[in-house]
Amino acid sequence: MTKFLTRAISFFFFEMIILTTIFFILYGSNLANWEILWTTNYWNLPIVILFIILLFIFSICISSWSLLLVQQKERQFEQALQNVLKNDNIPHETFDVNTSLQKSLNDTKELISTQRKSLQKLTNDKAVNQDQIIQERIIQERQRLARELHDSVSQQLFAASMLLSTVNETAAEDLPNHTKNTLLQTEQIVQQAQLEMRALLLHLRPVALKNKSLTQGLEDLLIELQQKVSFKIKYRLEDVHLSKGAEDHLFRIAQETLSNTLRHAKATELELLLVERNKRVIFRVQDNGVGFKTVDEKAGSYGLYNIEERAVEIGGTCKIVSVPSQGTVVEIQIPVEKEMLKNDSDSIS
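Worth saying up front: this structure is predicted, and the values here are computed from it rather than measured.

Peer 1: For this particular structure, what's the right way to read the overall build of the protein chain?
Peer 2: A tally of helices and strands in the protein chain yields nine helices and seven strands. Across the 349 residues in the protein chain, those meeting the buried criterion constitute 30%. As displayed, the protein chain offers around 23100 Å² of accessible surface, 57% of which is attributable to carbon and sulfur atoms.

Peer 1: How should I be thinking about the sheet that holds strand 6 (residues 317–323) in this particular structure?
Peer 2: Across a sheet, paired strands are connected by hydrogen bonds in the backbone, their directions being either parallel or antiparallel. If you trace the five strands from one edge of the open sheet to the other, you get 3-4-5-7-6, paired in mixed fashion. Edge positions in the sheet fall to strand 3 (232–237) and strand 6, since each of these pairs with one other strand and no more. When strand polarity is set aside, the average angle formed by the axes of neighbouring strands in this sheet is 10 degrees. As paired strands, strand 6 and strand 7 (residues 327–335) are joined by seven bridges and run antiparallel to one another. Each bridged residue has a counterpart across the sheet, and for S322 the counterpart in strand 7 is T328. Of the strands in this sheet, strand 3, strand 4 (269–277) and strand 5 (280–287) touch helix 6 (residues 214–226), which is tilted by about 170 degrees from strand 3. In the packing of helix 7 (residues 244–265) onto the sheet, contacts are made with strand 4, strand 5 and strand 7, and the angle to strand 5 comes to roughly 10 degrees.

Peer 1: Just checking my understanding: could you explain the nonpolar core for this structure?
Peer 2: Burial of nonpolar side chains together is a common tendency in soluble globular proteins. In terms of nonpolar packing, the biggest core is built from 34 residues, with L214, L250, L274, F283 and I332 touching the most fellow members. At seven residues, helix 7 tops the list of elements feeding residues into this core. Non-local contacts of L274, meaning those with residues more than four positions away in its chain, are made with L214, T215, L218, R236, L237, E238, V240, L250, V281, I282 and F283. Of all hydrophobic cores here, the second largest spans five residues; its members include L157, L183, V190 and M197.

Peer 1: Just checking my understanding: could you explain helix 7 for this structure?
Peer 2: Its 22 residues place the ends of helix 7 30 Å apart at the C-alpha level, agreeing with the 32 Å of an ideal helix rising 1.5 Å per residue. With respect to burial, helix 7 is a largely interior element, 18 of its 22 residues being buried. One or two positions beyond helix 7, positive phi appears at K266, with a value near 55 degrees.

Peer 1: Explain the pairing of strand 3 to me, please; I cannot follow it from the model alone.
Peer 2: Within a regular beta strand, the side chains point alternately toward one face of the sheet and then the other, so they alternate between its two faces. In terms of strand pairing, strand 3 meets strand 4 through six bridges, oriented parallel. Each bridged residue has a counterpart across the sheet, and for I233 the counterpart in strand 4 is L270. Read as a crossover between parallel neighbours, the route from strand 3 over helix 7 to strand 4 is left-handed.

Calculation criteria
- Residues numbered from 1 in each chain as written.
- Predicted model: local features only at pLDDT ≥ 70, side-chain atom pairs only at ≥ 80, totals over all residues.
- Heavy atoms only, no water.
- Helix = DSSP H or I, 4+ residues; strand = E, 2+ residues; numbered from the N terminus.
- Buried < 20%, exposed > 50% of the residue type's maximum accessible area, 1.4 Å probe, protein only.
- Areas by Shrake-Rupley, 256 points an atom, 1.4 Å probe, with all protein chains shown as cover.
- Pairing = 2+ DSSP bridges.
- Axes fitted to C-alpha atoms, helices over the stretch in contact; angles between N-to-C directions.
- Contact = heavy atoms within 4.5 Å.
- Core = buried A, V, L, I, M, F, W, Y, C linked by side-chain atoms within 4.5 Å.
- Expected span 1.5 Å × (residues − 1).
- Right-handed = clockwise from strand over helix to strand, strands pointing away.

Structure, rendered in structure tokens:
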């Protein structure tokens with residue numbers, strides 16, 4: 001209200017100065033000529049009083065109009081700021097403001113947009129860093145568990161298996177038949193537990209290849225596995241052209257496939273193939289184990305569903321063929337990206 005009265009009085013004095021100047025121009029400085037302002041009456045009021053009243057009313061009208069105009073501008077600018085804060089892409093023509101305010105508004109919008117992107121980037125980087133820390137801790141914990149299981153439970157199972165085997169070979173002749181059968185069953189259970197433990201240790205191995213290629217990682221894995229299992233392992237590994245992420249994924253598929261073979265196949269021979277033919281990487285694992293019916297829902301216990309999912313995630317296909325009492329074949333085919341082939345040819349040249 002104070003602003004309104006101040007504005008109205010200011011307009012009133014400004015109009016009085018203009019009107020006085022006009023009368024001075026018309027009648028000069030002779031006061032006799034100014035008597036008309038006091039002697040002439042309208043509506044029983046001297047003309048000078050009537051002019052003053054009309055000027056004051058006109059000042060109030062102008063002040064009201066200008067105040068409404070300013071309020072309208074303020075509302076428009078406030079709405080513009082709200083839209084900027086909400087990140088609404090409203091055209092600039094909607095806001096009827098002067099050039100300086102429009103420039104300030106655009107600068108504010110750009111600043112807020114830049115700050116918002118910076119905060120989003122910081123949040124994303126923080127989330128990525130937290131995920132990396134969590135993954136590193138998971139890998140460290142997996143390695144610790146693998147070491148402890150290998151040094152304790154695995155060694156104890158091996159010792160128990162050796163003792164039972166010795167008992168069955170030496171003292172079994174002096175024992176009753178039902179005791180012999182119990183010892184044989186116990187030895188088989190311990191041997192199966194050993195296979196389960198080796199499969200678990202295989203799962204607990206690090207997933208990433210780090211500085212190794214896929215071929216090197218698979219070769220090291222198979223050499224280590226040959227020293228711990230009784231069945232024969234044959235393999236053919238060639239250098240292939242895959243991205244680092246795809247190699248890590250395929251290495252994990254190999255771990256899961258070999259783990260499933262250890263736990264369920266009861267195989268005596270296993271063949272593993274990794275080659276690149278016709279712009280496709282082919283990974284195949286074949287065993288001569290017990291196999292299973294592919295239409296049987298229990299096939300899910302082999303973990304093959306996870307292998308299929310992993311193959312799809314890297315743009316490949318998974319084919320599983322199994323015949324009861326004859327064995328299982330798991331084949332993964334992954335298309336080789338043109339960029340990988342081009343980069344390889346450039347590095348050779």
